[in-house]
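Chains, contacts and geometry: an overview
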Amino acid sequence: MIQVTNLTKRYGPRTAIDDLNFEISKGEIVGFLGPNGAGKSTTMKILTGMTSASEGSAQVAGFDVFDSPIEVKRNIGYLPENPPVYTEMTVEDYLRFAARLHGVPKNQIKTCVSSAIEKTNIGDVRKRLIGNLSKGYRQRVGIAQAIAHNPKVLILDEPTVGLDPKQIIEIRKLIKSLGGDHTIILSTHILPEVTATCERVIVINKGKIAAQDSLSQLTARVQHVNTYKLITRVISPEALAALKAIPGVKSISESLSKTENELSIEVLPNAGDVRERITEAVMARKLGLLEFTSQKISLEEIFLQLTTEEKL
Amino acid sequence: MKNIWTIASRDFKSYFFSPIAYIVTAGFLTIMGFMFVNILSYFINQNMRSMEMNIGKGASITEGVVSQLYGNMNVILLFLVPFITMRLFAEEKKNNTIQLLLTAPVTTTEIILGKFLSSMLLVLVMLGFTLIYPIILFLTGNPDLGPIFTSYLGTILLVGCYLAFGLLFSAMTENQIVAGALTFAFSLFLWVINWASQLVGSTWGEILNYLSIIRHYENFSRGVINSADIIFYFSIIGLGVFLTHRVLDSLRWR
């Protein structure tokens, strides 16, 4: 559905995106993940025909973005970073205009607009001026605008910005439900969003693709070690040495205080389960076990690792 | 064509959602009414005096009222058109709504023509109200219909030039005041450019005379439709639209 080859964009001497290559097939929901200024928005702008690329090519729904921009635009629904809403219009008028502008036939405009209103749950403000709406509602009007003409491809630039937690959950649900019929790209720097909605992640950093994989594989790729947190009342050098001696334990870092000792135990992933042996060692020495937890590596850490790895 | 109308009708309606349309139209009609009363009473005074002193007929109603009135209307429009055009692109750029237009399946030319049409429609509404003056003249005297008709035609073409450059300057900035000021300065400059014709040589003088947008209105005001004038106005409008197209395209390359 979307194919990007050797895409490069330079703003003067600054390279915003550098030789991007990726492919997105029909019905996929893909997350663009990256820190601010990584080139997410630029890539989206090129796909939507807002900006032109310096080099390389991009195809959407079988049409080249540069050779047949009108056909590409007909197949895309786009929500920019700031929703492109006319503040002096009512929600309904605005959506009707957006649908007409995207070539929806006259007799279908009414159905398209009401279904977009229903999906984004903005029925209670449909007659109100957009200028009087809160940021969350405006954002949802922006999403309604993007889906009003029922496009094959949806490109959403940070779709949940400015929404309250309940709305965020609703919009994520909506995006998930739109997948399948629509191919969706969404950009975000909010990591749980990716976990909640996307099937695949493309991590962009400094204009380059740092990683592109399904979520589970991405986690596996970064997770070299398992980490356990152990808090005990007392600790002795002898106990520490015993813990270190357990096969599979890679290293132990400690932060000690008078009342509690926190140990962070890193275990090699191929070592098998070492939890029993750790607890046994602690119990045998009567160290006073207060807490023993397994620390799963979070997406934040994956993100940080992927985007800082090259620099270090 | 459908796309042009979609954009034009939205922009036209939006003039009336904001105070712009009302204020510009009200200002325009107030000044026009003031001028009409004064031109007409001056004309009547002059005619009475020449009749009393028996020195033949005074100026005709066409020369004395019609061409005066519409000549002055062009000056008022020169002042008011920047207020109509300044928002067209500048506001869209400021509010990001330009992104909706640029990512919709419409061509840049359709966007520009839609905006041009919307502002022209507002001007036509304003001009529509001024039809009351020729109606009054016809009810009380017998002016020639020809010069009145051609004055309107010439005015529409002349305003078309202001609008085209208004669009251009509006596309160049996201600051409406800057767009308006540039439009006014540039239109006024094109108006008075032939003043320098005495300073420069005869060839350049002729060129400057030709470039002055008001010189091409003179024929219309006399009731003459000259294809050269129409072609001139259409070329100026075309130039404005073309340059606006370049500016909007450059947004994509930046």
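For the structure itself, look to the data block above.
What you are looking at is a predicted structure, and each value in this text was computed from that prediction instead of being measured.

Attention now goes to the overall build of chain B. A tally of regular secondary structure across chain B gives twelve helices and zero strands. Going from N to C terminus, chain B has its helices and strands arranged as α-α-α-α-α-α-α-α-α-α-α-α. Viewed in the frame of its principal axes, chain B has a C-alpha envelope of about 70 × 50 × 30 Å. Relative to its full complement of 254 residues, chain B shows a buried share of 50%. Of the roughly 12000 Å² that chain B leaves accessible, carbon and sulfur atoms contribute 70%. Of the charged side chains in chain B, 14 are positive and 12 negative; the average position of the first set lies 8 Å away from that of the second.

Below, the discussion takes up helix H1 (residues 2-17) of chain B. Taking 1.5 Å per residue as the helical rise, H1(B) with its 16 residues ought to reach 22 Å, and the 23 Å between its terminal C-alpha atoms agrees with that figure. Looking at the buried positions of H1(B), the neighbouring elements they touch are helix H3 (91-101) of chain A together with helix H2 (20-52), helix H3 (61-85), helix H4 (87-94), helix H5 (98-102) and helix H6 (108-129) of chain B.

The tally for this structure, following the rule as stated, stands at two cavities of 30 Å³ or more. The set of elements that each furnish at least two residues to the lining of the largest cavity consists of H1 and H4 of chain B. Sorting elements by how many residues they give to the lining of the largest cavity places H4(B) first, with four residues. The class makeup of the residues in the lining of the largest cavity is two nonpolar, three polar and seven charged. Its volume calculated, the second largest cavity comes out at about 30 Å³. Lining the second largest cavity, in full, are Glu158(A), Pro159(A), Thr160(A), Val161(A), Thr188(A), His189(A), Ile190(A) and Glu193(A). Here the residues of the lining of the second largest cavity sort into three nonpolar, three polar and two charged.

Residue and element names in this part refer to chain B. With respect to the helices and strands, the residue serine 119 is situated in helix H6. One polar contact links the side chain of serine 119 to the main-chain carbonyl oxygen of phenylalanine 116, over a distance of 2.9 Å. Discounting chain neighbours no more than four positions away, the residues touching serine 119 are Tyr15, Ile84, Leu88 and Leu163.

Attention now moves to the packing of aromatic side chains. What describes a pair of aromatic rings is the distance from one ring centre to the other and the angle between the planes of the rings. Residues and elements named next belong to chain A. Applying the stated criterion across every chain, the model contains 14 aromatic pairs over all chains. Relative to phenylalanine 32, the ring of phenylalanine 22 lies with its centre 5.4 Å away and its plane at 90°, an arrangement referred to as edge-to-face. With phenylalanine 22 in strand S2 (residues 14-24) and phenylalanine 32 in strand S3 (residues 29-33), the pair connects residues that are ten residues apart, well separated along the chain. In this pair, the class of phenylalanine 22 matches that of phenylalanine 32, namely buried. Between tyrosine 86 and phenylalanine 97, the aromatic rings sit 5.9 Å apart at their centres with planes inclined by 75°, giving edge-to-face as the arrangement.

Conventions adopted
- Counting restarts for each chain: residues are numbered from 1 in the order of the written sequence.
- To read the labels, note that chains go from A and ligands from 1, taken in the order they are written.
- Local features in a predicted model are, by the rule used here, given only for residues with pLDDT of at least 70; side-chain atom pairs are given and counted only at 80 or more, and totals for whole chains, interfaces and linings are based on all residues.
- To obtain the side-chain values, all non-hydrogen atoms of the structure were used and water was disregarded.
- Only DSSP runs of H or I reaching four residues or more are called helices, and only runs of E reaching two or more are called strands; each is numbered from the N terminus.
- Between buried and exposed lies partly exposed: a residue is buried under 20% and exposed over 50% of the maximum accessible area for its type, with that area taken using a 1.4 Å probe on protein chains only.
- Accessible surface is estimated by sampling points in the Shrake-Rupley manner with a 1.4 Å probe; for residues, cover comes only from the protein chains shown.
- This count recognises Lys and Arg as positive and Asp and Glu as negative, with His and chain-terminal groups excluded.
- To locate a charge, take atom NZ for lysine, CZ for arginine, CG for aspartate or CD for glutamate.
- Working rule for helices: expected span equals 1.5 Å times residues minus one.
- Working rule for contacts: check all heavy atoms of both residues, and any pair within 4.5 Å makes them a contact.
- Of the grid points, spaced at 1 Å and generated over the protein atoms alone, those admitting a 1.4 Å probe that cannot get out make up cavities, while open sets with protein on both sides within 12 Å along at least five of seven lines make up pockets; any residue with an atom within 4 Å of a point is treated as lining.
- Grid points are joined across faces, edges and corners, and a volume is the space filled by probe spheres set on the points.
- For this scheme, ten residues count as nonpolar: Ala, Val, Leu, Ile, Met, Phe, Trp, Tyr, Cys and Pro. Four count as charged, namely Asp, Glu, Lys and Arg, and the remainder, Gly too, count as polar.
- N or O atoms closer than or at 3.5 Å make up a polar contact, with two conditions inside protein: a donor-capable atom paired with an acceptor-capable one, and, for residues adjacent in sequence, both atoms drawn from side chains.
- Here a pair means two rings of Phe, Tyr or Trp (six-membered ring of Trp) with centres within 6.5 Å. Their orientation is stacked below 30 degrees between planes, edge-to-face above 60, and tilted elsewhere.

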